[in-house]
Structure formats: structure tokens, C-alpha cells
Amino acid sequence: MKHTDSISSIQLAIIIASTIIGVSLLVLPRFVVAEVGEAAILACIVGLFISFMSVFSIMQLGKKYRHHTMIGCNRLLLGKYVGNFFNFLILIVTIIIMGLDLRQFAEVLASGLLPNTPIEVSILLMIILCALVGYRNVSTFAYIHVFYLPFLLIPMVFFIFAYEDIEAYHLLPILGHQLSLKQFMSGAIVMTCAITNYFVIAMLIPYIKDYENSLKNSIWGFFLGGLAILYTIIICLGVFGVNEMEDMYWPVLSLSRIIQIPGDVLSRIDAIILITWIFAVFTTLCSYFFVIVRGTAELFRTDHYGFISTLMIPIVFIIALIPNNVYEIYNYAIKVSYIGLFLFIILPAGLFIIGRIRNKVGVR
Amino acid sequence: MKKHFYLVILAALFLSGCWDRYELEERATILALAIDLAKEYENVEMYEVTHSNGEFPKVENQRIYKLTAQLAVPGKIMLGPEGGNTSSDETDWLLVTYGYTMKDALANLQQELAEKIYLGHIQLIVVSDDIAREGLQDIMDFLRRDYEVRRTAWLMITEGEAQKVLNATPPIQTVPSLYLSNTLKDAVRFGKLPKEFLGKVWIDFSDEGVDAIIPLVKPKGDHILVDGLAYFQEYKMVGKLTPTETGAVLAMQGLNPAGYSNVVKPENQKGVYLLKPQRRKSNISLTLVDGKPKVFINVKIEGFVEEEIYTNDLSDKKLEELEKTASKFGEKSLETLLKKLQQDQSDILGIGARVRAKYPKYWSEQVKDDKGWYAIYKDLDVQVHLDYKIRRVGMEWK
């Protein structure tokens, strides 16, 4: 396939950052804390590190197979049938994760902002918005991420005003209370599962202009996004403590309701944080949709991106409507993300090793 | 085809309204809530809104809440300075309902109102001490669950009827509840109260090894008196602290600024002095001695002399003596206060949480939970050291 458009490695970094800051941000602190208690900070760092290994292996894979996306790599290294099986699996899992993320988004809107708006409407509008991005052009997609990143990061500064309410005894002991290694790792895995969406970079590798810098820059991008998540978790845990966080559904939303800006400039900042979060949701869902649309197109060797994205709207919409209540969404999401863990973390590393063994050379 | 598609998109953009549109005048904005227990002699009027008569599940000690809601009257509240003829009794509207639960009472209230109840602007929630002494968790669930309630609202306890607090109609501000919440906000700013708003109280309730303190107020006709703090054991109020004791708690927490002056009289002398702390620093340190936690509270206060009566002879020597007396006196009162708190088993300083943070192994083996902690806390060895330094004496030399 001939590619006329390309992105720079800095754009790649920004895509990683704005993708991993996503829907899960609102609820992630709660899940990590529910698993490991006070050890959430460490678990978060370990989880980020595991994900980081995967980013690293994807980038290394890309170095070797400069002109293949993940879909192409699967096909090249695992053979037509096995490779396509995994490709299908990747697409299906991405569709399901996107559907569930959309539902989470709609649920938060319904219970925190727009109680009377039917969730179907907010889900549908969000999917249409994602579908309208237009996936023919990779650089458009990159520009959207670049445009929104400041909107994601700047409002996070508001969290710092909660520092007064941070209690040291909420953050200690840093190793948690009588945690076995298994419990600790399950907390770390929750973190890893929540941010598997950086996988979108595996679909972008052929379009990177300056690949020699891309490893370094992607590390920076990952670092930036990871730091934002870590910072949110630390503030949430410091302010609320373990028990309170386990009682709450969306700790970050509650955090934004407790923050008072000195000087009474803004009396409530939860609206600002929610809007920020909607941007974050949008960029993350865009990345999922990118994987879905471009992946499907590559799988079927077409370039009717518009057709595919239109086709995907009802599919994602229906998946988003499957869970019956908020508990079910998260039950499904956790189950699916374990499959995602295999596809997005073990598979790239496995492919990298297989590539070494089989010593295949990528084709242009 | 494409043209039609764009047309649909455009129509969707311009023809749609906001689903959740509620104009200001369509909302019944509740500014304050007072929660009392309904007395037997009261003519309790319960509508069959959430349940048919007699169908509410019977439990032991069934409570019937009397909810007094202060509603803002739209259009009457002036923004900014205004001409003098609006008095506060026009800007708010007090309504009383009864119910078995919070939502039940609010549903009954909603039945009487044309507008939709809106809790997003709630400023304060006053709870009578009868309820607080029986436990607050039953009324907290609704407030926590409802997304409109702000975590920055104030929770207050009052002895006697909570409704009376809302009756206070101060002449200087048009909205009574705003005045009342400002009273507390300013009390925090001047160091008279710790920053214990609703969200903070909730955190204290759920934390292990920390007990909540909630501002205590007393209605005084058209205004309120900040009457110290009510302290809790888990969800139950177990006692109250006077304003001076509140000052002592704030000192032990090391919070600035300090809001309370203290009267000090050096022994064998005529003079009586009023000292005001200016800067406070506190350090709560823990050690584990023979498998038992030992607490050492080190408070450092820098203050100044505000008043001197019955004598006029301040000097550096006098100051030294005064510092010593103040330290000793302060230490003693802190110790008595801690004894009282230990006796009532209310750990408002969060010593338990600190033990839990510092000695997780000890906590999980010996203490386990709040109950275990109270048993240990009761006979905990707490030592207080107070170091009072007087830096200045005001505009008078002597």
C-alpha cells in the first residue's frame, strides 16, 4: 500500500499520552485501591512498567518491520490463518472494549451530569463524533490528538488545590496492609489493563516519518500520560483514603467536587473536570475507532474507510447497550481486558521473539 | 444522498434543545436542610408518596425525621448591593415535611411543590443532636448517593431543635443560609473551627482510626453561635467540645491561624494576661514500646500578649515567666482534653490512622479494626509537650 501521509514521532508521543488518559481515569483509582489498598501508588508504577515493556516491544517490532502495522506483522510472522485469527481477535476485543468504555462514559453522564438524557443518545452522538473523524488520513487523526492534549492536561492542575486535604496517613504504608505478591500484582494488572489502549501505536508504525527518534519520543509520551494517571491516583488516595474510595463509584468526580479554588474564582470545578474528561474520552475512543477501522480495512485489504466506520457505528452501539447496570459494565470490562492483556502485551512481545527466531524480513 | 445526510446533521445540531434543561424558576433550590426527630406530640403528617400507609418496613427504634427545607425564592435574591427594602423573610421559604428516611421526606416535600427540588446549591445541613447521638449513617447514604449534593456543604450539629437554626434571619444579609454558611466559613478562616465540611466528615467516617468532628452551633434568635465541636465515635456523637477545647484540638492538629485567645495567670501574681497564639506547629510522633504504641504530641506555639489586666509591669523576665505558665497551663488542658477523648473513645486526632500507617504489622495483628483500636486507645499512653513562646506584646511597652 502506498502511504502519502505521515506523522512525526512527537505526534506519536502525544497520541500515546492522550490515548491512555481516557475513560478509565474516572474509576481507575478506585479499582486499583480496591485491589491493593494503600499500595496503589506502587501497584500503579508496576502496572505502568508492565505496559511500558509492551510499548517497548511494539516499538522494537516496528523497527524490524518498518512497513507493517500490527495486523501485517501478525500475518507475516504467524502465517495467514493463525495471524488472521489473532487479527480478528484484536478487532473484536477492541470493539467490545470501545463499547464498554462508551457505556461507562454514558453512565457517568447519566448519573452525574445529564440525568434525563437517555444514555442511548449520548452513546450514539459520541460514536458518530468518532466516526466523523475520517480515518483515511492518519495525520488528521494525529492532529486531533495534538489539539486536545492541552485540554486534557491543563485542568488536571486543579487537582493540586486539594493538597490541603491530603493526609499522610492515607498514603501510608506504601506497601499496603498484609498484601501477598499475588494481590499486589492483581492491582498492578488492573492498571495495565486500563491503559492497553496505547496499542493504537502498533497501527501507526508505517506512517512515522522519523522512526529513529520514535522510541525515545514514545517513551516520553507514555511517561507523560502515565504520570498524569499516577498523579490523579496519588491525589485521590491522599484525599479520600482507602475506605472512602472503596465506597465511591467515581473518586475523581468526587475529588473535583471537593476542590475549592482559593479566592472563590470558581465555586464548582466539577463541570470543568467533566468536560476535560469528555475530551479525554473522545480522544481515547478515537484511538479505539482508529484501530477498528484501519484494522478492518487492512484485514480485508480495502480502503473504504468511510464505509467501515459507518458499519461499525451500530455494532459498537449495540455492544454499549448490552450491560444491564453499572456493576455489569465493570464486570464485563474486567473480563475483556484480561483477553486484551494477552493480545496487547504478550502478543507483541511474542511476535518480537518469533520475528527473531524466524528471521523474517519485512516487505515493503 | 450526501446532501441529505448533512441536512440531518445540521438539523440535529440546531433543532435539538438540552434534554436536561431546567430553568432557574423551574427549580426549587434548597439552600439548607434541618433534620430533626419528629416528636410524639407533633402532628406528623405523612403522605403516601413512597409507600402506602403502614407499609414501611418496621424496624426497632423507628425514626421519623422532620425535615425543614429552606428554599430560595427565585427573583427575590439580589446579586450584589441593592436598595434596602428587601428583608430576608422574603428571600427564603421554610417548608416542613416528615418521612421515615431522607428521600421519603424529600419525596413528600416534592409532592407539595410545583418545581423540581434541586440540591446543587445546598449550603448547610443542620442535624439535631438527638439524631447525631443515635448515629448519622442513615441520613448520610442519601446525601452521598445523590449527585447534586456538594461535598463542600457544611454539616452542623445543634443541641435541641435544628429547625431553630434555620429560623435565624440575620438582618445584614438577604439569604439566611448563605449567612449561616459564611459564619462557618469565616470561623474556619479565623481559626475557630477545623475545616470539617461534609466531604471531610464523610472521609473521617469511613477512615479507620479517625473519628469525625462536626461544628456545633446554637441558635441565638436572629443569628447563630459557633459553640465548639461535636465529636463522634464512628457514626455516633459521643460528646461536645467547648470553643476553648476546640482551640486545643486545633493546636494539636497544628492548624493556623489560631482563633482563640487564652487567659493565663502566673502563680502568686496579680496580673492576668490574654495570650493569642499566632503560629502553631504540631508533631504527633509514635513509637512502639513493648508491643504497645506510645504517642508523643509536641506542640509549639508562638503567640503575643493581647491584654494585660490588674497590673502593668511587662518585661522580658515577666515574659519568660508567662511563657512557662502558659506552657504548663496549656499542657495540662491538652492532657485533660485527651483524657476526656480517650474516655469517650473518640479518636479525633487520627492517632489510630497514624498507627495504622506507621505500624501496619502491629495494626493487622493486634488492632485489626476500629473496635480493636478503641480498646487500645482507651488506655493509650499519650504524652503532650507544649512549648509556648511569646514574641511580641502589642503597642504597649509595659
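Residues numbered from 1 in each chain as written. Chains lettered and ligands numbered in written order. Predicted model: local features only at pLDDT ≥ 70, side-chain atom pairs only at ≥ 80, totals over all residues.

Undergrad: Can you walk me through the overall build of chain A in this structure?
TA: Counting secondary structure elements, chain A contains 14 helices and zero strands. Mapped from its N terminus to its C terminus, chain A presents α and β elements in the order α-α-α-α-α-α-α-α-α-α-α-α-α-α. The globule rule puts the C-alpha radius of gyration for 364 residues at 21 Å, and the 20 Å found for chain A is close to it. Sorting the 364 residues of chain A into buried and exposed places 52% on the buried side. Across chain A, every contact between residues at least 6 apart in sequence was considered, and the portion connecting residues at least 24 apart equals 85%. (Helix = DSSP H or I, 4+ residues; strand = E, 2+ residues; numbered from the N terminus. Rg over C-alpha atoms; globule rule 2.2 N^0.38 Å. Buried ≥ 20, exposed ≤ 12 C-beta atoms within 10 Å, placed from the backbone. Contact = placed C-beta atoms within 7 Å.)

Undergrad: Which parts of the structure should I look at to understand the overall build of chain B?
TA: Helix and strand counts for chain B stand at 13 helices and 13 strands. Reported as C-alpha extents along the three principal axes, the dimensions of chain B are approximately 90 × 65 × 60 Å. The 398 residues of chain B split such that 39% are buried.

Undergrad: Sorry if this is basic, but what is going on with the packing of helix α2 (residues 28–36) of chain A against helix α9 (residues 181–194) of chain A here?
TA: All names here are of chain A. For the pair α2 and α9, interaxial distance at closest approach is 8 Å and the crossing angle is 165°. One way to sum up the angle between α2 and α9 is to call them roughly antiparallel. The hand of the α2/α9 crossing is right-handed. Each of Leu28, Phe31, Val32, Glu35 and Val36 in α2 lies in contact with α9, whose residues at this interface are Gln183, Phe184, Ser186, Gly187, Val190, Met191 and Ala194. In the contact of α2 with α9, the residues fall into eight nonpolar, three polar and one charged. (Axes fitted to C-alpha atoms, helices over the stretch in contact; angles between N-to-C directions. Parallel < 35°, antiparallel > 145°, perpendicular 65-115°, else oblique. Left-handed = near helix turned anticlockwise from the far one by under 90°. Nonpolar A, V, L, I, M, F, W, Y, C, P; charged D, E, K, R; others polar.)

Undergrad: When you look at the interface of chain A and chain B in this model, what are you seeing that I'm missing?
TA: A common way to report how large an interface is uses the accessible area buried once the components associate. Between chain A and chain B, the residue contacts involve 22 residues of the former and 21 residues of the latter. Counting residues per element, the ones that place at least two in the side of chain A that touches chain B are α5 (80–112), α8 (168–171), α10 (211–247) and α11 (251–258) of chain A. No other element matches the five residues that α10 of chain A contributes to the side of chain A that touches chain B. Class assignment for the residues of the side of chain A that touches chain B results in eight nonpolar, 10 polar and four charged.

Undergrad: Where do I start with the packing of α5 of chain A against helix α14 (residues 326–358) of chain A in this structure?
TA: Helix-helix packing: each pair is described by the crossing angle between the helix axes and the interaxial distance. All names here are of chain A. Where α5 meets α14, the closest approach of the two axes is 9 Å, and the angle between their N-to-C directions is 145°. Where α5 crosses over α14, the handedness of that crossing is left-handed. Of the residues in α14, those in contact with Phe86, Leu89, Ile90, Val93, Ile96, Ile97, Leu100, Arg103, Gln104 and Glu107 of α5 are Val326, Ile329, Tyr332, Ala333, Val336, Ser337, Ile339, Gly340, Leu343 and Leu347. When the residues that make up the contact of α5 with α14 are grouped by side-chain class, the tally is 15 nonpolar, three polar and two charged.

Undergrad: Got a minute to help me understand the confidence of the model for chain B in this structure?
TA: When pLDDT drops low, the exact placement of atoms in the prediction is not to be read closely. Residues and elements named next belong to chain B. Averaged over every residue, the pLDDT of chain B is 83; residues scoring 70 or more account for 93%. The least confident element of chain B is helix α2 (residues 88–91), whose mean pLDDT is 57; the most confident is strand β5 (residues 124–128), at 90. Scoring the predicted complex yields pTM 0.86 and, for the interface, ipTM 0.82. (pLDDT = per-residue confidence, 0-100.)

Undergrad: Explain the sheet that holds strand β12 (residues 292–309) of chain B to me, please; I cannot follow it from the model alone.
TA: For sheets, the rule is that strands pair by backbone hydrogen bonds, running either parallel or antiparallel. Residues and elements named next belong to chain B. Reading across the sheet, the four strands line up as β10-β11-β12-β13 and stay open at both edges, with mixed pairing between neighbours. Because the sheet does not close on itself, it has two edges, and the strands there are β10 (262–264) and β13 (381–392). Along the sheet, successive strands turn relative to each other by an average axial angle of 40°, direction set aside. Strand contacts of helix α9 (residues 243–253): β11 (272–289) and β12, with the helix running at about 50° to β11, the strand carrying the most contacts. Set on the sheet, helix α10 (residues 316–343) makes contact with β10, β11 and β13; between it and β13 the angle comes to about 150°. (Pairing = 2+ DSSP bridges.)

Undergrad: Explain the domain arrangement of chain B to me, please; I cannot follow it from the model alone.
TA: Residue and element names in this part refer to chain B. Along its sequence, chain B is carved into domain 1 (25–48 + 62–76 + 87–241) and domain 2 (249–392). Placing a centre on the C-alpha atoms of domain 1 and another on those of domain 2 gives a separation of 32 Å. Taken together, the contact pairs 18 residues of domain 1 with 23 residues of domain 2. Elements that contribute at least two residues to the side of domain 1 that touches domain 2 include exactly β8 (223–233) and β9 (236–241). For the side of domain 1 that touches domain 2, the element with the highest residue contribution is β8, accounting for four residues. (Domains from an automatic or database assignment.)

Undergrad: For this particular structure, what's the right way to read α9 of chain B?
TA: Quick reminder: α-helices carry 3.6 residues per turn. Residues three or four places apart thus point the same way. Residues and elements named next belong to chain B. Most of α9 sits out of view: eight of its 11 residues are buried. Of all the residues in α9, the buried ones are Glu245, Thr246, Gly247, Ala248, Val249, Leu250, Ala251 and Met252. Residues of α9 that are buried make contact with β8, β9, β11, β12 and α10. Residue Gly254 follows α9 closely and has a positive phi angle near 70°.

Undergrad: Would you mind showing me how to read the pairing of strand β2 (residues 65–72) of chain B here?
TA: Two faces, one strand: in a regular strand the side chains alternate between the faces of the sheet. Residues and elements named next belong to chain B. Burial analysis of β2 places eight of its eight residues in the buried class, which makes it a mostly covered element. Neither face of β2 is left uncovered, since the one carrying Tyr65, Leu67, Ala69 and Leu71 and the one carrying Lys66, Thr68, Gln70 and Ala72 both have all their residues buried. In the sheet, strand β1 (residues 27–37) pairs with β2 via seven bridges, with the strands oriented antiparallel. Considered in β2, the bridge of Leu37 is made with Tyr65. Two strands pair when backbone bridges link them, and β2 and strand β3 (residues 92–99) are joined in this way by eight bridges, in the antiparallel orientation. Residue pairing across strands places Gln70 opposite Leu94, the latter belonging to β3.

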